[in-house]
Structure formats: structure tokens, C-alpha cells
Amino acid sequence: MSQSNGRNQETLIEMSSTGEETADIAVITGSAVESPGEDNGPNYYTPSNDSRECEIPGNPEVLSTTTETASLIHGLPSGMQRKHVLFVNRRFRIDKHVRSKDSIFFCDGVRRIDFILSYVDDPKDGDKKMDRRKEFELNLLKTGLELETESKEDSDDGKTYFVKIHASWDVLTTYAEVMHIKVPIKGNDIPHARENPLDWMLKPFRLNPKIINPEPDYFTAPFSKQRQELFLIDNPDTFFSPSTRNRIVYYILYRCKYGTEDGKRKVGIKRLLNNGTYTAAFPLHDCRYWKKSHDPKSQNERYRLYKEWARFGRFYKEQPLNLIRKYYGEKIGIYFAWLGFYTEMLGIAGAVGFICFLYGCITKDGNVWSDEICDAELGGKIIMCPLCDGCDFWRLNTTCESTKNSHLFDNAATLFFAVFMGIWVTLFLELWKRRQAKLEYEWDLVDFEEEQQQLQLRPEYEAKCTHTKRNPVTQEMEPYIPISNQAVRSCLSGATVLFWIFLILICIVAVIVYRLSMYASFAKITVNMRKVKYIGTFVTPQMVTSVTASILNFIIIMILNFFYEKVAIWITDLEIPKTHFEYENRLTMKMFLFQFVNYYTSCFYVAFFKGKFIGRPGDYNRLFGSWRNEECDPGGCLIELTTQLTIIMAGKQIWGNIQESLWPWMKNWWVSRNARHHPERLYSRWEQDHDLQDMGQFGLFYEYLEMVIQFGFVTLFVASFPLAPVLALMNNIVEVRVDAWKFVTQFRRPMAAKAHSIGIWHQILNGIAIFSVVTNAFIVAFTSDMIPRLVYKYAYSQNAQLPMKGYINDSLSIANASLLVPGTQDKDITTCRYKDYRYPLGHEFQYKHNMQFWHILAAKMAFIIILEHVVFLVKFAIAALIPDVPSEVKARIKREKYLTQKILHEYELNKLKETLTGMADYDVNRQVSVQAQKVELLKEELV
């Protein structure tokens with residue numbers, strides 16, 4: 001029923017019960033409007049002795065929140081389904097006990113609830129908070145919003161008040177113009193692109209169009225209150241979607257004044273939430289997620305999202321992005337669009353990575369160097385120098401299995417996959433730009449500027465600013481922080497960040513010390529296990545140390561994450577960013593920098609430092625002068641890097657999914673347990689949503705951060721672990737549905753917000769992509785043994801038929817056992833071998849690096865330079881060849897801009913003709929000619 005209906009009628013409305021002739025007649029107080037003839041569903045409750053009714057605020061025009069009192073007529077026969085209706089202040093009211101628990105309307109059953117505020121009586125500063133609420137709600141009424149308060153006696157916990165907010169048509173149209181909200185102006189007459197003939201192959205993955213109920217495509221234009229007849233307004237009640245309505249209401253709430261304290265004007269719901277005046281502010285879900293609403297006016301979008309999107313059984317189906325955008329807004333819609341696209345692209349990378357892994361499995365037993373190590377006559381007779389002080393000598397063939405396992409990831413396919421991933425990451429970012437441009441067009445985000453609430457001054461900034469200056473543009477006085485103050489805060493913030501990064505490095509050093517000190521202990525434990533057939537083969541000191549150190553490092557990472565999240569927010573607040581946009585960007589950079597150091601430092605250590613600076617027998621390099629630096633397994637450090645990546649990456653993903661799904665469910669179960677045990681209570685829509693978790697300001701922030709860190713694992717070290725994209729793909733298939741389930745079932749409906757891109761995260765992804773080329777080139781060159789093997793094959797091999805024969809013996813230098821520290825020597829062993837390229841004892845340059853070492857080093861540096869240049873050249877060529885915006889989308893944007901501007905000009909032209917009817921013909925023709933010329937100029941610009 002239209003709120004603009006001003007008809008005052010003295011009407012008595014009777015509502016018949018189903019199958020009964022008896023009606024329940026309400027006492028009429030004042031003037032009433034006619035009933036819309038719709039109910040709120042059949043979920044009726046039997047009236048109890050307490051027949052309290054919803055309180056309805058008075059006429060907003062006189063700013064009164066009092067209601068007239070009336071009583072319902074009781075005593076009707078029992079067993080009848082009936083509706084109690086009371087008309088107050090020209091509106092009808094529905095008794096709480098018979099109102100549907102899915103009702104999203106005021107007590108009159110007509111006015112939609114666009115937003116909910118909740119509060120409790122707080123003994124501490126109770127009067128002060130009550131005064132703030134009173135003035136705040138009074139000012140909300142002045143803006144035209146309509147309020148209705150549910151008493152705490154009617155709430156499930158008996159202590160929470162709920163303030164329901166409704167935006168009338170006049171308010172919606174006024175602020176739609178202020179916020180430049182685009183609305184339909186004409187049906188889109190641009191033909192759709194030709195269907196791909198291979199689309200039939202994707203049919204099993206498509207959603208049924210009838211289920212997702214796609215909306216017609218329209219040309220749109222910013223709403224103008226003075227041109228309402230220009231827009232396609234079929235029904236004022238549904239013209240603005242619920243997400244648009246709650247965005248408009250939040251826009252008002254964010255700017256509404258609630259008082260003046262300490263000479264400063266206090267505004268905004270966010271500050272009232274921070275100081276405890278209100279406990280929550282949120283829009284309502286439209287129904288329960290597992291059951292359709294009985295209200296015929298409900299669109300049941302939450303239910304459809306749950307059935308078609310949030311259930312894991314639909315993991316193979318595409319996401320209903322348009323429905324997500326419609327229900328949650330563009331900001332959340334763009335996140336799920338990016339996550340879905342990233343997962344699709346991981347499918348390609350995962351397939352290639354799995355093929356490379358299969359290649360390693362197939363060639364595992366066919367490479368010469370592994371056979372030489374496993375050969376009892378060759379590797380079994382090579383005595384290796386102890387790997388730690390106090391450790392025993394050992395025979396090379398004891399590392400047979402670890403060497404073969406290392407070949408799974410250190411083979412010819414490693415180089416191919418490193419180059420492929422350098423190209424893949426470029427394709428991913430470039431194709432995402434195109435997908436994003438298409439979404440911008442489809443979602444009316446072309447020429448979009450950041451939300452005004454993102455660019456407006458933060459309340460915290462205004463509260464902490466003690467100085468003002470004149471804005472040169474607006475010529476208005478605005479708060480600011482002096483440069484000296486900003487410098488001090490920035491220095492303190494930077495020092496705090498450096499301190500925590502230094503703390504991470506200390507923890508990494510502690511883990512390294514653990515590796516060094518425990519390796520000898522594990523070596524002594526496992527030395528007697530080598531005779532055991534299975535344990536001695538697989539449980540080596542290197543493997544045990546690597547696994548336990550990786551687990552310990554993962555635990556430290558999780559602990560540091562817990563503390564630094566709070567520290568990052570604290571230091572960002574300390575900097576007092578001016579706008580929300582600036583605040584989010586600063587927090588994002590701090591959190592990512594910390595997470596980058598926290599998650600990747602241990603991997604960088606294994607990849608680029610372990611085994612690289614060990615020295616030689618008799619002159620070992622030592623950490624803090626005590627512990628010998630770690631050595632790599634003769635098979636290389638690549639298998640240890642793979643182990644480290646697997647444990648951290650898999651552990652993070654498993655823990656993240658448990659934390660994201662199980663923890664919110666447990667909290668919601670605990671909060672709502674009382675309501676489930678009291679079925680006689682209404683447990684209304686706003687109470688159900690109030691008991692859900694609040695997504696908070698950083699809800700999407702943590703989702704993006706989790707995926708970006710995963711992206712780093714997939715790209716930065718992928719040369720050592722081709723299965724990383726496969727693990728990421730498996731995780732993301734689950735992640736999409738876990739996030740969807742969480743948003744639909746466990747979180748309150750977030751405030752809808754616009755966003756045309758993933759923001760600063762795209763720059764971070766691009767930085768990781770560039771850095772990944774460098775890291776993978778160094779991994780192939782320095783962590784794997786590919787370059788030494790190639791140098792031996794083409795420069796030092798003496799066997800033309802089997803060029804790799806003799807490689808193991810060639811890669812091991814000889815040391816005099818007497819050079820080892822006391823307690824390590826064995827009188828029966830005079831020499832031992834170690835992995836390096838040095839001249840032997842007695843040579844003119846004994847223990848100096850030989851020429852083969854320098855040849856290999858030169859080859860490594862040349863390989864890095866060539867690989868980087870080739871990959872970067874291909875990356876930049878792909879980026880240049882693939883336009884950011886598809887040509888079809890460009891044409892559609894120009895066409896839509898031309899037609900919408902033409903429609904607007906023609907509308908102005910007709911209006912001008914009507915206005916100038918009484919003027920001279922010359923003036924009329926002149927004015928009309930001006931408008932016609934504007935249309936032609938616009939056409940020339942766009943065509």
C-alpha cells in the first residue's frame with residue numbers, strides 16, 4: 001500500500017478466518033486506511049495472557065513517538081484461526097502473537113522494515129545514552145524515516161529493545177538522487193552476444209534460469225526526483241530493491257546528528273555503536289534460510305541462495321552472481337566473482353601441475369643419478385662426512401628413497417612448470433580485468449566512484465582532531481592533524497611494524513636453532529633404526545627434523561597471527577586515517593606485510609639459505625659460533641621445501657575452514673538455544689538475525705587476505721611443489737561453499753555497499769606475480785640440482801652414451817677425516833665425501849672452489865637472467881595484447897551512454913517545449929535548436 005495515500009476513511013475491516021464465518025473485529029481508534037488484503041503468513045501463535053502489541057510511533061510530521069492505546073476484543077471461540085487488527089494513527093496493527101516469525105514489516109503489515117537498531121538498558125551512563133538515542137531518533141524522524149520500537153518485554157531475552165526503521169517513498173527518492181543511484185530508464189535493445197557453440201558442454205554446470213530468476217536488462221541513469229515519469233516505475237514498493245533501501249537508510253544513519261559534546265557535533269550510527277548507545281545495527285534477512293516465507297510479498301532470496309549456492313552439494317554449479325549482488329550488494333558480489341574466477345583458473349594450473357607431478361612419478365626410477373646413489377657398489381661404498389658435530393659417518397645409499405622422492409619435484413618438468421606459472425599468473429590477472437570490466441557494465445558500475453561513506457571523514461578522525469583549516473575547494477572549515485603530529489604517529493606505527501617483523505625473524509631463528517640442536521638427537525635415535533626394513537628407510541634425521549620443525553613453525557605462525565591482527569588494527573587507529581578508504585588500504589598493507597613475513601620467511605630460509613653457507617669440513621660456518629649451519633640432503637633441499645610448503649599450506653587451509661565454519665555455528669547455537677526451547681515465544685525475524693554473527697567491518701578483508709596468502713603459496717614457490725595449485729583448487733571448491741554457507745546462514749545480512757573492483761588487493765596480487773618470477777627462477781637455479789646436472793651433462797661428462805653417468809661422484813668433494821672436530825673421527829676412516837666442488841687435499845689450491853663450481857655459478861646466474869627476461873617479455877606481451885575491457889563491452893558502454901543521454905536530452909527538449917509554449921516562436925526554436933545540437937554533439941563524440 002502506498003505511503004503517499006492520503007485518503008482518510010472511517011472504515012471497519014473484518015478479517016475472516018479460513019473455513020469459518022466468524023470474524024475477529026477490532027476496535028477502531030482514529031482514522032484508518034484500507035487493508036491491503038494480505039497477511040503475514042500462517043505461522044500464528046495462540047494469544048497468551050500477555051496480549052502486548054507493537055508500539056507504533058506517532059505521526060512523523062509532529063515528531064511524536066507516542067501511540068494511542070486500544071484493546072483488542074477477546075473471548076472469541078477457541079480453535080479458530082484469526083487475526084487481531086487494531087488501527088492507530090491511520091494505520092492498522094497486527095497482534096504480535098499471530099504475526100509470522102518471518103515478518104519483515106511494521107505492525108501494520110504494510111511498511112517494510114529497512115533497518116534494525118537494538119539497545120539494552122545500561123545502568124552505566126544509562127541517562128546519557130538514553131538522551132543520545134532520543135535525540136538521534138528524533139533527528140531520524142526529521143529526515144522522514146519512520147520508526148517503530150519493540151519493547152524489551154516482547155524480546156526473547158527480556159532486555160533488548162528493537163527499533164524498526166522504514167524509509168518512505170519520499171525519503172527513498174530524495175536520497176537516491178543525492179547518492180546518484182542508477183535506476184532503469186529503458187529496456188536494453190542491444191542484441192546479446194552470440195552463444196558459444198560449445199556452451200552445451202557447460203550445461204551441467206549452469207544454473208536453471210527459472211531458479212535464479214534473472215532480471216530484465218535495462219539502460220540505467222542516475223535517479224532524478226524531478227524526472228520520475230522518465231523512469232520505469234511499475235510499483236513504488238518494489239522499485240528500489242531491499243539492498244538499495246538499506247544502503248539509503250545506512251547513508252542517513254551514518255550522517256544523522258545525535259548531540260553536541262565538548263563543543264563538537266556528534267554524528268553517525270557508527271559512533272553510537274562504539275560507545276554502546278546501540279548494541280547492533282543491521283538490515284533484515286528476508287526469510288529463514290531453510291524454509292520459504294509464507295508472506296507472499298517476500299522474495300525468498302535468502303532461501304534461493306541457500307538452496308542453489310550455499311550447499312556443498314552444488315559445488316559443481318556456477319555461482320548465481322546476479323542474485324548475490326542483488327541480495328548482498330556489489331562489494332560482496334565482486335568478491336565471490338573474483339573467488340570463483342580464481343578457482344576456475346586454478347583448475348588449469350592444477351591440471352598442468354598434476355601432469356608435471358605424474359611425469360616425476362613415471363621417471364622416478366629411471367634417472368641415472370638416483371640409481372648411482374641406490375647402487376650398493378657405488379653409493380653403498382661412498383662414506384659421507386657427518387652432517388653435525390657428534391654425528392656418525394654415513395653411507396650415501398642410505399638416502400636412496402629421499403633422493404627418489406626428491407625427483408618427483410626436481411626434474412625437467414620443474415623448469416617447464418615454472419615458466420608456465422609465470423605466464424599463467426599474467427593470464428589470470430589480465431583475464432580477471434576483462435571479467436571485472438564485464439561485471440562493471442552489467443552491474444551499472446561504469447564511471448563508478450567510491451562510496452561517499454568511504455570518502456567521508458571518519459568519525460574517529462573528527463573526534464581526535466583538535467585543529468581546523470579552511471578547505472580551498474569548499475571554503476569550509478574542516479578538521480585536520482598537523483604534519484608534526486602525523487609524523488610522530490607514523491614513526492611510532494612504523495617502529496611497531498618493524499618490531500613485530502623483527503619478532504617474527506627471531507622466531508624463525510629459534511626454529512633454525514631447534515633444527516640444528518635437534519638434528520643430532522634425531523640422528524642418534526634413528527641410527528639404530530636403519531636395520532629395520534620400513535622405519536629405517538623412510539624415517540631419516542633430515543625428514544624427522546624437517547617435519548617437526550615445519551609443524552612447530554606453523555604453530556608459531558598461528559600464535560603470531562592472533563596477536564598481530566589486534567596490533568595491526570591498533571597501530572592503524574593510531575595513525576588516524578582520514579577516510580574509510582584510506583583506513584582499509586593502510587590496514588590491508590600492514591596485515592599483508594606481516595602475513596607475508598610470517599608465512600613465507602621459513603620457506604625462504606629453506607629455499608635460499610639452508611645448505612648454501614655451510615663451509616667445509618674443518619672450517620664450518622656456525623650460527624652464533626656454536627651450531628653448524630644446516631646441510632641439505634644429498635638429494636637437495638627441494639624435498640624439504642616441499643614438505644614445509646605442504647604442512648604450512650594444508651594446515652592453514654584446514655584450520656581456516658574449521659575456524660570459518662565451526663566457530664560461528666557454535667556461537668550462534670549458544671546464543672539462540674533459549675529461543676529454541678521456548679516455542680511459545682515469537683522469536684521474530686529481527687530477533688533471529690540479532691542472534692547471528694556480525695560480519696563486522698573486516699569481514700571481507702579477512703576473506704581476501706586468506707586467498708591472497710594462498711595465491712602466494714601457489715605462485716612464489718610453485719617450482720618446488722607442482723601440486724600446490726591442486727591443493728589450492730581443492731580448498732577453494734570447499735571455500736566457495738563454506739563462505740556462502742557462512743554468509744547465508746551464520747551472519748547477519750551485511751549493509752549493501754558498492755565496489756567496482758577488488759581494490760588494493762589487485763595491486764598486491766600483481767606485486768606477488770612479478771616477485772614470483774624471481775623466486776621461481778632462483779629456486780630452479782639454487783635450490784634444485786637441475787643446473788649442476790646440465791653443466792655436467794654438456795661440459796664435464798665423459799660418457800657419450802650415458803652422459804649423466806658419474807655425476808654423483810663428480811658432485812662430491814673429498815675431505816680428510818682428521819679435519820673434523822674431536823669426537824667425530826673414526827680411526828678406520830681417513831677420508832669422507834661432502835657435497836661441494838672443491839680441490840682435494842694436496843692440490844695447489846686445496847679446499848678452494850674449483851673451476852666447475854664457478855662454471856655452475858655462472859650458469860645459474862645466466863639461467864636466472866634469461867628466464868626472468870623471457871617470462872617478463874611474455875608477460876608484458878600478453879598484457880599488451882589482451883585489452884582490459886572487451887571490445888563488445890566498450891561498444892555496449894558507448895551505446896548505452898549515447899542512448900541514455902539521448903533520452904534525457906529528448907525529455908528535456910519536450911519539457912522545454914511545454915515551458916516555452918507562451919514565448920515567441922523565435923525563442924522557442926532557438927532553445928529547441930540548442931537541445932537538438934547537444935544530442936548531435938553527443939552522438940559524434942561516442943560513435
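For clarity, every value in this text was computed on a predicted model and none was experimentally measured. The numbers attached to residues start from 1 for each chain and follow its sequence in the written order. The predicted origin of the model limits local features to residues at a pLDDT of at least 70 and limits the giving and counting of side-chain atom pairs to 80 or more, whereas totals for whole chains, interfaces and linings rest on all residues. The basis for the side-chain values is all heavy atoms of the structure; hydrogens and waters are excluded.

K.L.:
Outline the overall build of the protein, listing residues and values.
P.N.:
Helix numbers and strand numbers start at the N terminus; a helix is a DSSP run of H or I with at least 4 residues, a strand a run of E with at least 2. Each helix and strand counted, the protein has 28 helices and 22 strands in total. Partly exposed residues are those whose accessible area sits between 20% and 50% of the maximum for their type, while under 20% is buried and over 50% is exposed, using a 1.4 Å probe and protein chains only. Within the protein, buried positions represent 52% of all 943 residues. Two residues form a contact once any of their heavy atoms are found within 4.5 Å. Nonlocal contacts in the protein, meaning residues at least 24 apart in sequence, comprise 75% of its contacts between residues at least 6 apart. Just so you have it, the protein exposes about 44500 Å², and 58% of that area is on carbon and sulfur atoms. Shrake-Rupley sampling with a 1.4 Å probe provides the accessible areas, and residues are treated as covered by the protein chains on show and by no other component.

K.L.:
Go over the nonpolar core, please, and point to the residues and values.
P.N.:
The biggest cluster of nonpolar side chains holds 142 residues, and the ones touching the most others in it are W338 and W424. Setting aside anything within four residues of it in sequence, one finds W338 in contact with F428, W432, Y704, M707, I758 and L765. Note on terminology: a nonpolar core comprises buried Ala, Val, Leu, Ile, Met, Phe, Trp, Tyr and Cys residues joined through side-chain atoms within 4.5 Å. The next biggest cluster of nonpolar side chains, apart from the first, holds 48 residues, and it includes Y250, C256, Y258 and Y278.

K.L.:
Which residues make up the packing of helix 7 (residues 301-310) against helix 8 (residues 321-328), and what are the values?
P.N.:
Where helix 7 meets helix 8, the axes come as close as 11 Å, and the angle between the chain directions of the two elements is 145°. In the crossing of helix 7 with helix 8, the sense of the turn from one axis to the other is left-handed. Here E301, R302, R304, L305 and W309 of helix 7 come into contact with helix 8, specifically with L323, I324, K326, Y327 and Y328. Partitioning the contact of helix 7 with helix 8 into residue classes produces six nonpolar, no polar and four charged. Think of each axis as a best-fit line through the C-alpha atoms, taken over the contacting stretch in the case of a helix, with angles from 0 to 180 degrees between the N-to-C directions. A clockwise turn of the near helix away from the far one marks a right-handed crossing, whereas an anticlockwise turn of less than a right angle marks a left-handed crossing. We call Asp, Glu, Lys and Arg charged. Ala, Val, Leu, Ile, Met, Phe, Trp, Tyr, Cys and Pro are nonpolar, and the rest, Gly among them, are polar.

K.L.:
Report on the environment of A418, specifying residues and quantitative values.
P.N.:
Among the secondary structure elements, A418 is positioned in helix 12 (residues 412-442). A relative accessible area of 7% means that A418 is categorised as buried. For the pair A418 and V871, spaced 453 residues apart in the sequence, the C-alpha separation amounts to 9.5 Å. Once residues lying within four places of it in the same chain are set aside, the contact partners of A418 are A719, N776 and V780.

K.L.:
Account for helix 24 (residues 786-796), with residues named and values stated.
P.N.:
Those residues of helix 24 that sit buried are M786, I787, P788, R789, V791 and Y792. The inward-facing, buried residues of helix 24 contact helix 10 (368-374), helix 12, helix 23 (760-783), helix 25 (807-810) and helix 26 (851-881).

K.L.:
An account of the pairing of strand 6 (residues 146-150) is requested, with residue identities and associated values reported.
P.N.:
With four of five residues buried, strand 6 is to be regarded as a mostly interior element. Paired strands are those between which DSSP finds at least two bridges. Of the strand pairs in this sheet, strand 6 and strand 7 (residues 160-166) are connected by five bridges, and their pairing is antiparallel. By the bridge assignment for strand 7, L147 is matched with I165.

K.L.:
Please provide a residue-by-residue account of the confidence of the model for the protein, values included.
P.N.:
As a per-residue quantity, pLDDT reports the predictor's confidence and falls between 0 and 100. Here the protein averages 77 in pLDDT, while 79% of its residues score no lower than 70. Taking the mean pLDDT of every element in the protein, the minimum, 29, falls on strand 1 (residues 14-16) and the maximum, 94, on strand 12 (residues 280-282). Segment residues 528-537 is flagged for pLDDT under 50; beyond a separation of four residues in sequence, or across chains, it makes seven contacts in the model.

K.L.:
Kindly report on the packing of aromatic side chains, identifying the contributing residues and their values.
P.N.:
Centres within 6.5 Å make a pair out of two Phe, Tyr or Trp rings, where for Trp the six-membered ring is used; the pair is then stacked when the planes are under 30 degrees apart, edge-to-face when over 60, and tilted otherwise. Taken as a whole, this structure holds 60 aromatic pairs when the rule is applied. Ring plane angle 90° and centroid distance 6.2 Å describe the contact between F499 and W500, whose orientation is recorded as edge-to-face. Looking at F499, the relative accessible area reads 49%, which means it is partly exposed. Relative to F596, the ring of F592 lies with its centre 5.8 Å away and its plane at 55°, an arrangement referred to as tilted. Of the two residues, F592 and F596 are both situated in helix 18 (residues 580-608); the distance of four residues between them amounts to about one turn of the helix. One residue, R749, lies across the ring of Y327, its end atom 3.8 Å from the ring centre. Criterion for a charge above a ring: Lys NZ or Arg CZ within 6 Å of the ring centre, and within 35 degrees of the ring normal.

K.L.:
Before we move on, could you go through helix 8 and cite the residues and values that matter?
P.N.:
In an α-helix there are 3.6 residues to a turn, and that puts residues three or four apart on one side. Among the eight residues that make up helix 8, six are buried, leaving the element largely enclosed by the rest of the structure. Among the residues making up helix 8, those that are buried are L321, L323, I324, K326, Y327 and Y328. Two residues or fewer past helix 8, G329 is found with a positive phi of approximately 100°.

K.L.:
Requested: an account of the pairing of strand 7, with residues and values cited.
P.N.:
Most of strand 7 is tucked away: seven of the seven residues are buried. Both strand 5 (residues 115-120) and strand 7 contribute to a ladder of six bridges, which runs antiparallel. Within the sheet, the bridge partner assigned to L117 lies in strand 7 and is V163.

K.L.:
Go over the state of the cysteines, please, and point to the residues and values.
P.N.:
Pairs of cysteine sulfur atoms within 2.5 Å are identified as disulfides in what follows. Counted by the stated rule, this structure contains two disulfides. A sulfur-sulfur separation of 1.8 Å characterises the disulfide bridge that pairs C374 with C400. Negative torsions about the S-S bond denote left-handed disulfides, and the value of about 95° found for C374 with C400 makes this one right-handed. One end of the pair, C374, is in helix 10; the other, C400, is in helix 11 (residues 400-407), and 26 residues separate them in sequence. On the basis of relative accessible area, C400 is assigned to the buried category, the value being 14%.

K.L.:
Give a description of the pattern of salt bridges that names residues and reports values.
P.N.:
Only one rule defines a salt bridge in this text: a Lys or Arg side-chain nitrogen within 4 Å of an Asp or Glu carboxyl oxygen. One pass over the structure, following the stated rule, counts 28 salt bridges. A salt bridge links E703 to K742; the shortest N-O distance between them is 2.5 Å. With a gap of 39 residues between them, E703 in helix 21 (residues 699-716) and K742 in helix 22 (residues 724-746) connect regions that are remote in the sequence. By relative accessible area, E703 is classed as buried at 5%.

K.L.:
Quick rundown of the sheet that holds strand 12? Include the residues and the values.
P.N.:
Taken in spatial order, the four strands of this open sheet run 6-7-5-12, and their pairing is antiparallel. Both edges of this open sheet fall to strand 6 and strand 12, since each of them pairs with a single strand only. This sheet shows a mean twist of 20° between the axes of neighbouring strands, independent of strand direction. Examined bridge by bridge, strand 5 and strand 12 share three bridges and lie antiparallel to one another.

K.L.:
Could you give an account of the environment of F417, with specific residues and numbers?
P.N.:
Of note, F417 is situated in helix 12. With 64 residues separating them along the chain, F417 and G353 place their C-alpha atoms 6.9 Å apart. If we skip the residues at most four places from it in the chain, F417 touches A349, V352, G353, C356, V718, P722 and P725.

K.L.:
Describe the environment of C287, and please don't skip the residues or the numbers.
P.N.:
By secondary structure assignment, the location of C287 is in the loop between strand 12 and helix 7. A sequence separation of 398 residues divides C287 from R685, and the C-alpha atoms of the two residues are 7.5 Å apart. Once residues lying within four places of it in the same chain are set aside, the contact partners of C287 are D102, S293, S298, N300, R302, Y303 and R685.

K.L.:
Go over the packing of helix 12 against helix 27 (residues 887-915) with me, naming the residues and quoting the values.
P.N.:
Two numbers describe how helix 12 lies on helix 27: the axes approach to 10 Å, and their chain directions differ by 20°. By the criterion of interaxial angle, the relationship of helix 12 to helix 27 is roughly parallel. Along this stretch, helix 12 crosses helix 27, giving a crossing that reads as left-handed. Between helix 12, through A437, K438 and Y441, and helix 27, the contact on the second element is made entirely by V889, R892, I893 and E896. A class-by-class count of the residues in the contact of helix 12 with helix 27 yields four nonpolar, no polar and three charged. For classification, angles of less than 35 degrees are called roughly parallel, those exceeding 145 degrees roughly antiparallel, those between 65 and 115 degrees roughly perpendicular, and all remaining angles oblique.

K.L.:
A description of unusual backbone geometry should follow, citing residues and the corresponding values.
P.N.:
The phi angle at N300 is positive, at roughly 55°, despite the residue not being glycine. A positive phi angle, near 55°, is found at D444, a position not held by glycine. Residue position: D444 is located in the loop between helix 12 and helix 13 (452-455).

K.L.:
With reference to specific residues and values, describe a nonpolar patch on the surface.
P.N.:
For patch building, the residue pool is restricted to those with more than 30% relative accessible area and no salt bridge; the joining distance is 9 Å between like charges and 5 Å between nonpolar side chains (Val, Leu, Ile, Met, Phe, Trp, Tyr). Taken together, the side chains of I654, I658, L662, W663, W665, M666, W669 and W670 define a hydrophobic patch exposed on the protein surface, amounting to about 870 Å² of accessible area. The residue I654 is located in helix 19 (residues 638-676) in this model. Given the relative accessible area of 54%, I654 is considered exposed.

K.L.:
Could you give an account of the side chain of H690, with specific residues and numbers?
P.N.:
Among the secondary structure elements, H690 is positioned in helix 20 (residues 685-690). Whenever a nitrogen or oxygen atom comes within 3.5 Å of another N or O atom, the pair is scored as a polar contact, on the condition that within protein one atom can donate a hydrogen and the other can accept it, and that pairs from neighbouring residues in sequence are kept only if both atoms are in side chains. In this structure the side chain of H690 is engaged in a polar contact, spanning 3.4 Å, whose partner is the side chain of S118. Those residues within four positions of H690 in sequence are excluded, and the remaining contacts are S118, T160, F162, T279, A280, F282 and R748.

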